[in-house]
Amino acid sequence: MPFINTKLNVELTEEKENILKTKFGDAISLIPGKSESWLMLDFEDNCHIYFRGDNSSPIAFVEINLKGCAPRNAYDALTKKITEILSIELCIDTSNIYIKFSETDTWGWNGANL
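Here's what I pulled together on the structure shown here. (Residues numbered from 1 in each chain as written. Predicted model: local features only at pLDDT ≥ 70, side-chain atom pairs only at ≥ 80, totals over all residues. Heavy atoms only, no water.)

### Brief notes about the packing of helix H1 (residues 14-27) against helix H2 (residues 72-90)
Working note: a packed helix pair is described by the angle between its axes plus the distance between those axes.
Phase 1: Where H1 contacts H2, the two axes come as close as 10 Å, and the packing angle between them is 160°. The angle between the axes of H1 and H2 places the two elements in the roughly antiparallel class. Note that H1 runs across H2; the crossing there is right-handed. For the pair formed by H1 and H2, the contact residues are Lys 16, Ile 19, Leu 20, Lys 23, Phe 24 and Ala 27 on the first element and Leu 78, Lys 81, Ile 82, Ile 85, Leu 86, Glu 89 and Leu 90 on the second.
Phase 2: By residue class, the composition of the contact of H1 with H2 is nine nonpolar, no polar and four charged. (Axes fitted to C-alpha atoms, helices over the stretch in contact; angles between N-to-C directions. Helix = DSSP H or I, 4+ residues; strand = E, 2+ residues; numbered from the N terminus. Parallel < 35°, antiparallel > 145°, perpendicular 65-115°, else oblique. Left-handed = near helix turned anticlockwise from the far one by under 90°. Contact = heavy atoms within 4.5 Å. Nonpolar A, V, L, I, M, F, W, Y, C, P; charged D, E, K, R; others polar.)

Pasting the structure below:
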């Protein structure tokens, strides 16, 4: 079960959120064995995010949590794709997008652990 939490210091319209939802759903398949059918997303807009002491430019911090692990080249491909999506859809400069990956061995769902 992947979970992608996206924090932005800009406003996210419902239309853009739906676009990101769809594109992130497609992008998660870059990780072997992952698909939108198990993907959970959270979008937090208007966050007080600062980079280099400044928040006057659009900034994004994306946390991607996975059950298990993936090869490095899959993480590289997903980083590239998520960065591209945020840059195109929200006009966030790629140098203002951070992506953090976390791997989890045990994930609880439906009253049990996977």
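That shown, we press on.
### Here's the deal with the sheet that holds strand S1 (residues 3-8)
Strands pair in a sheet through their backbones, by hydrogen bonds, and they do so in one of two ways: parallel or antiparallel.
Phase 1: The mixed open sheet is built from four strands, whose spatial order is S2-S1-S3-S4. Two strands close off the open sheet at either side, each with one partner strand: strand S2 (40-44) and strand S4 (97-104). Going from strand to strand, the sheet's axes swing by 10° on average, the running direction of each strand aside.
Phase 2: Of the strand pairs in this sheet, S1 and S2 are connected by five bridges, and their pairing is parallel. (Pairing = 2+ DSSP bridges.)

### Considering the pattern of salt bridges
Phase 1: In the structure shown here, the tally under the stated rule is five salt bridges.
Phase 2: The partner of Asp 76 in a salt bridge is Arg 72, and the shortest N-O contact between them spans 3.1 Å. Taken as a pair, Asp 76 and Arg 72 lie in helix H2 at a separation of four residues, close to a single helical turn.
Phase 3: One salt-bridge network, held together by shared partners, links Lys 16, Lys 23 and Glu 89. (Salt bridge = Lys/Arg side-chain N within 4 Å of Asp/Glu carboxyl O.)

### Quick look at the nonpolar core
Phase 1: Leu 20, Phe 24, Ile 31, Ile 64, Ile 82 and Leu 86 are the most contacted members of the largest nonpolar core, which has 25 residues in total.
Phase 2: Contributions of two or more residues to this core are made by S1, H1, strand S3 (60-67), H2 and S4.
Phase 3: Per-element accounting of this core gives the leading share, seven residues, to H2.
Phase 4: Setting aside its immediate chain neighbours within four residues, Leu 86 contacts Leu 20, Phe 24, Ala 60, Val 62, Cys 91, Ile 92 and Ile 97. (Core = buried A, V, L, I, M, F, W, Y, C linked by side-chain atoms within 4.5 Å. Buried < 20%, exposed > 50% of the residue type's maximum accessible area, 1.4 Å probe, protein only.)

### Quick look at a nonpolar patch on the surface
Phase 1: A grouping of Trp 38, Trp 109 and Leu 114 is seen on the molecular surface, where their side chains present a nonpolar patch of about 320 Å² in accessible area.
Phase 2: Judged by relative accessible area, which is 41%, Leu 114 ranks as partly exposed. (Patch = residues over 30% accessible without salt bridge, like charges linked within 9 Å, V, L, I, M, F, W, Y side chains within 5 Å. Areas by Shrake-Rupley, 256 points an atom, 1.4 Å probe, with all protein chains shown as cover.)

### A short note on H1
Phase 1: When the terminal C-alpha atoms of H1 are compared, their 20 Å separation across 14 residues agrees well with the 20 Å that a helix rising 1.5 Å per residue should span.
Phase 2: Summarising the contacts, the buried residues of H1 are in contact with S1, S2 and H2. (Expected span 1.5 Å × (residues − 1).)

### A look at the pairing of S3
Moving residue by residue along a regular strand, the side chains alternate between the two faces of the sheet.
Phase 1: By the bridge criterion, six bridges tie S1 to S3 in an arrangement that is antiparallel. Following the sheet pairing, Asn 5 is matched in S3 by Glu 63.
Phase 2: Sheet topology note: the S3/S4 ladder contains eight bridges and is parallel. Bridged to Phe 61 within S4 is Tyr 98.
Phase 3: Regarding the hand of the β-α-β motif, the stretch spanning S3, H2 and S4 is right-handed. (Right-handed = clockwise from strand over helix to strand, strands pointing away.)

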